[in-house]
Amino acid sequence: MTATSPPQPGTPRDRRVSQRIGSIAESATLKVDAKAKALKAEGRPVIGFGAGEPDFPTPSYVVEAAVEACRDPKNHRYTPAGGLPELKKAIAEKTRRDSGLEIEPAQVLVTNGGKQAIYSAFAAMLDPGDEVIVPAPYWTTYPESIQLAGGVAVEVLADETQDYKVTVEQLEAARTERTKVLLFVSPSNPTGAVYTSQEIRAIGQWVEDHDLWVLTDEIYEHLVYDGVDTGSMPVLCPFLADNCVVVNGVAKTYAMTGWRVGWMIGPVDLVKAATNLQSHATSNVSNVAQRAAIAAVSGDLTAVEEMKVAFDRRRKTIVQMLNEIDGVVCPTPHGAFYAYPSVKGLLGKEYDGKVIDTSTALAEYILDRAEVAVVPGEAFGSPGYLRLSYALGDDDLVEGVTRLQKLFA
């Protein structure tokens, strides 16, 4: 006889939500952003550092491409589940231009944003019980995607004394016979950490030595500061080409978070499997958004360079101002648009007659008393920290951190 799971207590109606879906946590960053926006709608002067979303509009030529696409009846119909051929070709050319990675359109799956690319990649790679090494602090979606795909996330923590970057020795200590994939993210959300070319090569060699896979998220590839020598893992480690998945998208580079266009790049067989999944889950990404994405990736990088100048200015401002708060230690991030200060020096103290021991409680106190929305480190697998996105206007940034300075003066 085939073994079966023991019956669950209660009637089918009592078991309203499946255990698999019920165990998934709400996105902490989106939760904070939604709460901040709700308070703003009530008229409260909340400043939100929660969402990782550029405060710039999508470039006008991208918007115009979408307008034209709306008028063309061919975009009113189903198109290939894996993406418009023109967009897949444009992504291949953009990848070659920006990172030096040579790929073919057949190695590309166009997805509904980067999140779907991440889930689809893990779903295609993992069998139940397969382990994925996840460097922490990590973006909140990674462990949930791994779990949803049947895998097990194995966290490896790197704190500020390591510039939030894991070492080969830490990775090796976490490896087991069930390890299949290393998740690698540089530049990092939530810390802004950027691995150097030398560090990437060392980690890539470790992956190769142990016959593992690697999923590398390059969504912040163009937001690197201070001249850090870095690069794309499959370019720096070409021997990984057949066992490496790259995820990316237009959201951060072109201020297109709401357009929902991402992609997965990998070996043809893996991409075909993920495409089969998408053909049943969502079918094609919105054709209008895909046409806009063609205009974005085929254009130059003027828009991101302009944003980068502003982000760099804000980066320096927020780090300086946060480090002026007694009890806060904020390393200088070298990528993305996040500051990730340690607030351990603020914990264990009494505020308004109540002792605050966790960064979650501290974030709640900050929102209540200073009307500033931040995301606590618990959301990223590292309690004792806060994440602040500096992808907001200069004036709001200064006002928000000034409120924190006054609150903890």
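Use the structure listed above.
Cut-offs used in this document
Here, residues in each chain are numbered from 1, in the same order as that chain's written sequence. Given that the model is predicted, a residue must reach a pLDDT of at least 70 before its local features are reported, and side-chain atom pairs must reach 80 or more before they are shown or counted; all residues, however, enter totals for whole chains, interfaces and linings. Here the side-chain values reflect all heavy atoms present in the structure, with hydrogen atoms and water set aside. Starting at the N terminus, helices and strands are each numbered in turn, a helix being any DSSP run of H or I of at least four residues and a strand any DSSP run of E of at least two. Atoms counted for the radius of gyration: C-alpha only. Globule rule: 2.2 Å times the number of residues to the power 0.38. Three exposure classes are used, based on accessible area relative to the maximum for each residue type with a 1.4 Å probe and protein chains only: buried under 20%, partly exposed in between, and exposed over 50%. Note on areas: these come from Shrake-Rupley sampling with a 1.4 Å probe, and a residue is covered only by the protein chains present in the view. In summary, the charge assignment counts Lys and Arg as positive and Asp and Glu as negative, without counting His or the chain termini. Charged groups are reduced to one reference atom each: NZ for lysine, CZ for arginine, CG for aspartic acid, CD for glutamic acid. The rule is short: rings of Phe, Tyr and Trp, with Trp giving its six-membered ring, pair when the centres are within 6.5 Å, and they are stacked under 30 degrees, edge-to-face over 60, tilted in between. Lysine NZ or arginine CZ positioned within 6 Å of the ring centre and within 35 degrees of the ring normal marks a charge as sitting over the ring. By this definition, two strands are paired if DSSP reports at least two bridges between them. Angles shown run from 0 to 180 degrees and are taken between the N-to-C directions of axes, each axis being a line fitted to C-alpha atoms and, for helices, limited to the stretch in contact. The contact definition used throughout considers only heavy atoms, calling two residues in contact when any of these lie within 4.5 Å. When an angle is under 35 degrees it counts as roughly parallel; over 145 it counts as roughly antiparallel; between 65 and 115 it counts as roughly perpendicular; any other value is oblique. For any pair of crossing helices, the crossing counts as left-handed if the nearer helix is rotated counterclockwise from the farther one by less than a right angle, and right-handed if it is rotated clockwise. When residues are grouped by polarity, Ala, Val, Leu, Ile, Met, Phe, Trp, Tyr, Cys and Pro land in nonpolar, Asp, Glu, Lys and Arg in charged, and all others, Gly among them, in polar. Buried Ala, Val, Leu, Ile, Met, Phe, Trp, Tyr and Cys residues that are joined via side-chain atoms within 4.5 Å together make up what is termed a nonpolar core.

Draft legend 1. Structural context of the overall build of the protein. Counting secondary structure elements, the protein contains 14 helices and 14 strands. A globule of 409 residues ought to have a C-alpha radius of gyration of about 22 Å, and the protein, at 22 Å, matches this closely. Dimensions of the protein, computed from the C-alpha atoms along their principal axes, are close to 60 × 60 × 50 Å. Each of the 409 residues in the protein was classed as buried or not, and the buried ones make up 54%. Just so you have it, the protein exposes about 18300 Å², and 52% of that area is on carbon and sulfur atoms. Taking the 39 positively charged and 53 negatively charged side chains of the protein as two groups, their mean positions are separated by 6 Å.

Draft legend 2. How the structure looks around the packing of aromatic side chains. Here the structure, examined in full by the defined rule, presents 14 aromatic pairs. Taking the centre distance of 5.2 Å and the plane angle of 80° together, the rings of Trp139 and Tyr142 count as edge-to-face. Both residues of the pair, Trp139 and Tyr142, count as buried. Taken together, a centroid distance of 5.3 Å and an interplanar angle of 40° make the contact between Tyr351 and Tyr365 tilted. Linking Tyr351 in strand β10 (residues 349–351) with Tyr365 in helix α13 (residues 359–370), this pair joins segments that are 14 residues apart in sequence. With respect to burial, Tyr351 and Tyr365 carry one shared label: buried. In this structure an aromatic cluster arises from ring pairing among Phe56, Tyr220, Phe311, Phe337 and Tyr338. Over the ring of Tyr195 we find Lys165; its NZ or CZ atom is 5.9 Å from the centre of that ring.

Draft legend 3. Up close: the sheet that holds strand β4 (residues 152–157). Reading across from one edge, β2-β8-β7-β6-β5-β3-β4 is the order of the 7 strands in this open sheet, with mixed pairing throughout. Unpaired on one side and paired on the other, β2 (108–111) and β4 mark the two borders of the sheet. Adjacent strand axes in the sheet meet at a mean angle of 20° when their direction is disregarded. Along the sheet, helix α5 (residues 113–125) makes contact with β2, β3 (131–136), β5 (179–185), β6 (213–217), β7 (244–249) and β8 (262–265), crossing β6 at roughly 175°. Along the sheet face, helix α10 (residues 268–281) touches β2, β6, β7 and β8 and points at about 30° away from the line of β2.

Draft legend 4. View of the packing of α5 against helix α6 (residues 141–148). Axis separation between α5 and α6 bottoms out at 8 Å; the angle between their running directions is 40°. The orientation of α5 with respect to α6, classified from their angle, is oblique. Considering only the axes of α5 and α6, their crossing is right-handed. Between α5 and α6, the residues in contact are Lys115, Ile118, Tyr119 and Phe122 and Thr141, Tyr142, Ser145, Ile146 and Leu148, respectively. In terms of residue class, the contact of α5 with α6 is built from 6 nonpolar, 2 polar and 1 charged.

Draft legend 5. Looking closely at the nonpolar core. Within the largest apolar cluster, 46 residues are counted, with the highest numbers of intra-cluster contacts made by Leu87, Leu182, Val214, Met233, Val250 and Val261. The leading source of residues in this core is helix α11 (residues 287–298), at 6 residues. Here Leu87 is in contact with Val110, Val261, Gln290, Ala293, Ile294 and Val297, once residues within four sequence places are set aside. In terms of nonpolar packing, the next biggest core, distinct from the first, is built from 43 residues, Tyr225, Ile318, Tyr365 and Leu404 among them.

Draft legend 6. Geometry of the pairing of β2. By the alternation rule, side chains of β2 split into Val108 and Val110 and Leu109 and Thr111, which are all buried. As judged from the 4 bridges shared by β2 and β8, these two strands associate in the antiparallel manner. Paired with Leu109 across the bridge in β8 is Met264.

Draft legend 7. Structural view of the sheet that holds strand β14 (residues 386–389). Pairing is antiparallel in the open sheet, where 3 strands are placed in the order β9-β14-β13. Of all the strands in the sheet, just β9 (338–339) and β13 (375–376) have a single pairing partner and so form its edges. Of the strands in this sheet, β13 and β14 are in contact with α13, which crosses β14 at around 45°.

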